Amino acid sequence: MDRTFPKGFLWGTATASYQVEGAVTKDGRGPSIWDTYSHTPGRIKCGHNGDVACDQYNRYREDIALMKKLGLRAHRFSIAWPRIMPAGRGGVNEKGIDYYRRFIEGLLDAGIEPWVTLYHWDLPQALQDDFGGWKSSETSRCFADYCEVIASRFGDIIENFITINEFVCFTDWAYGVENGEYAPGEKLDNKGINQVRHNALLAHGMGVQAIRAAAPEARVGLADNAVVCVPVMETEEHIAAARRAYREKNAHFLTAVLEGRYPDFYLEEQGPDAPVFTEEEMRIIGSPVDFVGHNMYRAEHIMADPESSRGYTTVITPSSYPHMYAPWIEITPEITYWAPRFLSEIWGVKEIYITENGCACDDKVDEFGRINDTDRIFYLRNHLISARRATAEGIPLKGYFCWSLLDNFEWADGYTYRFGIVHVDYTTQKRTPKLSADYMSRVARENRIL
Ligand code: NOJ
């Protein structure tokens, strides 16, 4: 097999503000729901929080130099809304703007394309207090205003804008789980959660429109972790079943965005719990995007099943199925082939990016201070092989962002899982590239699987 990627394939890393920045009270940043949540006893493993994280706010120059050394061409990061608008709306905090301008200019000077995410879950606490956060479409409107600020202030130095990161994590997992897993950690009923999802979709659509209005040259997309459906085997019937499942399982997020409507079966299924919406809102949600970013870590295995009313079954993962160090990351490298393939087959998406892929490992520092994370290389290599299969078949997969540049604050798991290709010693803040950083660096430079 030819192991080379198409010319111009984009190689990068990804991070998110609350997970790496720290400096949570510096230069006028307002509190976010994740500050509140991580300081609520019992919410985060080991009582960890993002107060310091990787201290990137103070060390961004060092991190940019590191990326440059690794030879990566792109970096995806998120802007902390509460640094820009400490109260979520109204006044703009110029110090926050200055920070991101310095950061972005630093990336550009290093020859690294900035890919900016506008919402990676750190909602200003004030919007939670004033409107109940994503329970209200007021928050969607505030998001659009914030997008307008970002696009007008940074439209000259940023080309690629990602509205929202992973719908399910700040909707279902944040408002729909008993004892809440993610901030703000509420438990709504099914109808409530459907409306939260709808408000999140609306924020995306309004965000797309606001960015386009303020920065006409901008390219806009999203980074969703749609459920990736992998056929149990590659026969026509199972592939067709997985394709159908991919559209249906993502009905209330990615499908709604790409079709500008909720599929009929979804509305019927939800009955009186269905979200309340207008046709105009659906048009906004369906605003055309320039690319689809897809975060992916694991799959659901789908098999054709004539017994089932939907024609397919989601296979229950056997307890003996292999997984990486974090048990939820089952080993399903086929995802980087099937998700792009279905995006292109179902909706004709013309530009696809893997905006996150990676894994946590039980990294050990050896006597020479090295971290030889061969399991992470195994994970990455196998996902690249499937991605290469996609590009070889002409599927328009254009780039790959590895999660993550650095070990960082892994949400409810605190610092207990390390996803970085660069090790962070949280006591000294020393960065040490792991063997996987060397691997990704060489892959990026040679544009081929190694
Ligand atoms: C997806 C999220 O976007 C990111 O914030 C998280 O750290 C990784 N997955 C790993 O769980």
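The present account deals with the structure reproduced in this document. In this text, all values refer to a predicted model and were calculated from it rather than measured experimentally. All residue numbers here refer to positions counted from 1 along the written sequence of the relevant chain. Reporting of local features is limited, given that this is a predicted model, to residues whose pLDDT is at least 70; pairs of side-chain atoms are given and counted only at 80 or more, and all residues count toward the totals for whole chains, interfaces and linings. Excluded from the side-chain calculations are hydrogens and water; all other atoms, namely the structure's heavy atoms, are used.

1. A few points about the overall build of the protein chain
Then comes step 1: Scanning the protein chain from terminus to terminus reveals 17 helices and 13 strands.
Then comes step 2: To get the radius of gyration, use the C-alpha atoms; to get the globule rule, take the number of residues to the power 0.38 and multiply by 2.2 Å. Taking 2.2 N^0.38 as the reference for a compact globule, 450 residues should give roughly 22 Å; the C-alpha atoms of the protein chain span a radius of gyration of 21 Å, in line with that estimate.
Then comes step 3: Overall, the protein chain is about 60 × 55 × 45 Å in size when its C-alpha atoms are taken along their principal axes.
Then comes step 4: By definition in these notes, contact holds between two residues if any of their heavy atoms fall within 4.5 Å. Here the analysis covers contacts within the protein chain between residues at least 6 apart in sequence; of these, 77% occur between residues at least 24 apart.
Then comes step 5: Just so you have it, the protein chain exposes about 16900 Å², and 51% of that area is on carbon and sulfur atoms.
Then comes step 6: His is not counted, nor are the chain ends; Lys and Arg add positive charge and Asp and Glu add negative charge. Every charge is mapped to an atom, namely NZ of Lys, CZ of Arg, CG of Asp or CD of Glu. For the protein chain, the distance from the average site of its 49 positive side-chain charges to the average site of its 63 negative ones is 5 Å. Only DSSP runs of H or I with at least four residues qualify as helices, and only runs of E with at least two residues qualify as strands; both kinds are numbered from the N terminus onward. Using a 1.4 Å probe, accessible areas were evaluated by the Shrake-Rupley method; residue-level cover was limited to the displayed protein chains.

2. Looking at helix H7 (residues 137-154)
The α-helix winds at 3.6 residues per turn, so residues separated by three or four positions along the chain end up facing the same way.
Then comes step 1: The terminal C-alpha atoms of H7, which comprises 18 residues, lie 26 Å apart, in line with the 26 Å expected from a rise of 1.5 Å per residue.
Then comes step 2: In this fold, the buried residues of H7 make contact with helix H4 (81-84), helix H5 (94-109), strand E3 (113-119), helix H6 (125-131), strand E4 (160-165) and helix H10 (190-214).
Then comes step 3: In protein, a polar contact means a hydrogen-donor-capable atom and an acceptor-capable atom, both N or O and within 3.5 Å, with residues adjacent in sequence counting only if both atoms are side-chain atoms; elsewhere, any N or O pair within 3.5 Å suffices. Regarding H7, its N-cap is Ser-136, as a side-chain oxygen of that residue lies 2.9 Å from the backbone nitrogen of Glu-138 further along. Helix span, expected: 1.5 Å multiplied by one less than the number of residues in the helix.

3. Examining a nonpolar patch on the surface
Then comes step 1: Each patch is assembled from residues with relative accessible area greater than 30% and no salt bridge, linking like charges that lie within 9 Å and nonpolar side chains (Val, Leu, Ile, Met, Phe, Trp, Tyr) that lie within 5 Å. Between Lys or Arg on one side and Asp or Glu on the other, a salt bridge is scored when a side-chain nitrogen of the former is within 4 Å of a carboxyl oxygen of the latter. A cluster of nonpolar side chains, Val-232, Met-233 and Met-303, forms an exposed patch at the surface whose accessible area comes to about 240 Å².
Then comes step 2: Considering the arrangement of structural elements, one finds Met-303 in strand E8 (residues 300-304).
Then comes step 3: We call a residue buried when its accessible area falls under 20% of the maximum for its residue type, exposed when it is over 50%, and partly exposed in between, using a 1.4 Å probe and counting protein chains only. By relative accessible area, which is 33% here, Met-303 ends up partly exposed.

4. Some remarks on the site of the ligand
Then comes step 1: Among the 13 residues in the neighbourhood of the ligand, the closest are listed as Gln-19, Asn-165, Glu-356, Glu-410 and Trp-411.
Then comes step 2: In the model, an oxygen atom of the ligand is placed 2.8 Å from a nitrogen or oxygen of the Trp-411 side chain.
Then comes step 3: Burial of the ligand by the protein chains amounts to 96% of its free accessible area of 290 Å².
Then comes step 4: We place a 1 Å grid over just the protein atoms. Points where a 1.4 Å probe fits but has no way out form a cavity, open points with protein on both sides within 12 Å along at least 5 of 7 lines form a pocket, and any residue with an atom within 4 Å of a point lines it. Should more than half of a molecule's atoms lie within 2 Å of a pocket's or cavity's grid points, that molecule is taken to sit in it. In this structure the site holding the ligand corresponds to the largest pocket.
Then comes step 5: Under the scheme applied here, ten amino acids are nonpolar (Ala, Val, Leu, Ile, Met, Phe, Trp, Tyr, Cys and Pro), four are charged (Asp, Glu, Lys and Arg), and all others, including Gly, are polar. Classifying every residue of the shell around the ligand gives 6 nonpolar, 4 polar and 3 charged. Throughout, near means a residue has at least one heavy atom within 4 Å of the molecule or strand.

5. Side note on the sheet that holds strand E6 (residues 229-231)
Then comes step 1: Pairing in this open sheet of 3 strands is mixed, and the strands run E6-E8-E9 from one edge to the other. The sheet terminates laterally at E6 and strand E9 (312-314), the two strands that pair on one side only. Ignoring strand direction, the axes of neighbouring strands in this sheet form an average angle of 40°.
Then comes step 2: Two elements, E6 and E8, share 3 bridges in a ladder whose sense is parallel. At least two DSSP bridges between two strands are needed for those strands to be called paired. In this analysis, axes come from line fits to C-alpha atoms, helices being fitted only over the stretch in contact, and the angle between any two N-to-C directions falls in the range 0 to 180 degrees.

6. Observations regarding the pattern of salt bridges
Then comes step 1: Tallied over the entire structure, the rule returns 38 salt bridges.
Then comes step 2: In this structure, the salt-bridge partner of Asp-264 is Arg-261, at a minimum N-O distance of 2.8 Å.
Then comes step 3: A salt bridge links Asp-407 to Lys-434, with the shortest nitrogen-to-oxygen separation between them at 2.7 Å. Within this pair, whereas Asp-407 is found in the loop between strand E11 (397-403) and strand E12 (422-425), its partner Lys-434 is found in the loop between strand E13 (430-433) and helix H17 (435-446), the two being separated by 27 residues in sequence. As far as the burial class goes, Asp-407 and Lys-434 line up, both buried.
Then comes step 4: The structure contains a network of salt bridges with shared partners spanning Asp-363, Asp-373, Arg-376, Asp-407, Arg-418 and Lys-434.

7. As for the pairing of strand E7 (residues 291-295)
Then comes step 1: The element E7 is largely enclosed, with a buried count of 5 among its 5 residues.
Then comes step 2: Every second residue of E7 is oriented toward a common face, with Phe-291, Gly-293 and Asn-295 on one face and Val-292 and His-294 on the other, all of them buried.
Then comes step 3: The sheet contact formed by strand E5 (residues 219-224) and E7 spans 4 bridges and is parallel. From the neighbouring strand, Asp-224 faces E7, where its bridge partner is His-294.
Then comes step 4: Summarising the sheet, E7 and strand E10 (residues 352-356) pair through 4 bridges and their orientation is parallel. Residue pairing across strands places Gly-293 opposite Tyr-353, the latter belonging to E10.

8. Points about the sheet that holds E4
Then comes step 1: Ordered in space as E1-E2-E3-E4-E5-E7-E10-E11, the 8 strands form a closed barrel in which the pairing is parallel. Averaged over all adjacent pairs, the angle separating strand axes in this sheet is 25°, with direction ignored.
Then comes step 2: Two elements, strand E2 (residues 74-78) and E3, share 5 bridges in a ladder whose sense is parallel. Note on E3: the bridge partner recorded for Ala-74 is Glu-113.

9. Some points on the side chain of Ser-404
Then comes step 1: With respect to the helices and strands, the residue Ser-404 is situated in the loop between E11 and E12.
Then comes step 2: For Ser-404, a relative accessible area of 0% corresponds to the buried category.
Then comes step 3: When sequence neighbours within four positions are dropped, the list of residues in contact with Ser-404 reads Ala-14, Thr-15, Phe-419, Gly-420 and Ile-421.

It is worth stressing that arrangement in space is one thing and function is another; only the former is reported here.
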